[in-house]
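Observations on chain architecture
Residue strings, one per chain:
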Amino acid sequence: MSTFSLYCRDGIWYAHVNIREGVRKRISLKTKSKKQAMEKALEMQAEGAWEPSGDGSWWSYARDWWIWDKCPYVKESVRNGRRLTRGYVDMCRTEMLKYIDPAFHDRPLKEITSGEIPISPTLSRNRLPGTRRWR
């Protein structure tokens, strides 16, 4: 079973969850009190919400990325007021499938390093020259 620790940032409580050896995940509990955060964290832990699913491959992890109704990042971004369009999300999904998925589809996630990740032409055009910053 995953262990966790709680912390507060800007009045919102979060959990740092130890998924497995060397892998931590930060999860917003969307509560404003420590008591509510602890209750929600224990409930999520009991439900097994933090346990890794799939076979540990890149694809089992990224399967729902950039799908409008499934991707946690897209859902959270829209909920927080970020203006994402379905067209933008579809373009990101297409680029992920075209440039990243072929390189990593069946590889175990723990074996992939950041230096191996290909940058798509669209992403590289949006980078400021000579920096890691985005426009």
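The structure this text deals with has already been given above.
Only a predicted model underlies this, so the values are computations on that prediction, with no experimental measurement involved. (Residues numbered from 1 in each chain as written. Predicted model: local features only at pLDDT ≥ 70, side-chain atom pairs only at ≥ 80, totals over all residues. Heavy atoms only, no water.)

Here we look at the side chain of Thr31
Note that Thr31 resides in the loop between β3 (23-28) and α1 (34-47). From its side chain, Thr31 meets the backbone nitrogen of Ala37 in a polar contact 3.5 Å long. Among residues more than four places away in sequence, those in contact with Thr31 are Gly11, Ile12, Trp13, Gln36, Ala37 and Lys40. (Helix = DSSP H or I, 4+ residues; strand = E, 2+ residues; numbered from the N terminus. Polar contact = N/O pair within 3.5 Å; in protein donor to acceptor, adjacent residues only side chain to side chain. Contact = heavy atoms within 4.5 Å.)

Considering the pattern of salt bridges
This structure, assessed with the given rule, holds 2 salt bridges. As a salt-bridge pair, Glu76 and Lys30 come within 3.7 Å of each other at their nearest N and O atoms. With Glu76 in helix α3 (residues 72-79) and Lys30 in the loop between β3 and α1, this pair connects stretches of sequence that are 46 residues apart. By relative accessible area, which is 46% here, Lys30 ends up partly exposed. Glu76 is the salt-bridge partner of Arg79, the closest N and O atoms lying 2.8 Å from each other. One end of the pair, Arg79, and the other, Glu76, are both in helix α3, 3 residues apart, so they sit about a helical turn from each other. By relative accessible area, Glu76 is classed as partly exposed at 28%. Connected via shared salt-bridge partners are Lys30, Glu76 and Arg79. (Salt bridge = Lys/Arg side-chain N within 4 Å of Asp/Glu carboxyl O. Buried < 20%, exposed > 50% of the residue type's maximum accessible area, 1.4 Å probe, protein only.)

Regarding unusual backbone geometry
Non-glycine residue Asp10 carries a positive phi angle of around 55 degrees. On the basis of relative accessibility, which here comes to 76%, the residue Asp10 falls in the exposed class.

What to know about the environment of His16
With respect to the secondary-structure elements, His16 resides in strand β2 (residues 12-20). Look at His16 and you get partly exposed, because its relative accessible area is 25%. Sequence separation of His16 and Phe4 is 12 residues, and the distance between their C-alpha atoms is 5.4 Å. Leaving out residues up to four positions away in the same chain, His16 has contacts with Thr3, Phe4, Ser5, Tyr7, Arg24, Lys25 and Arg26.

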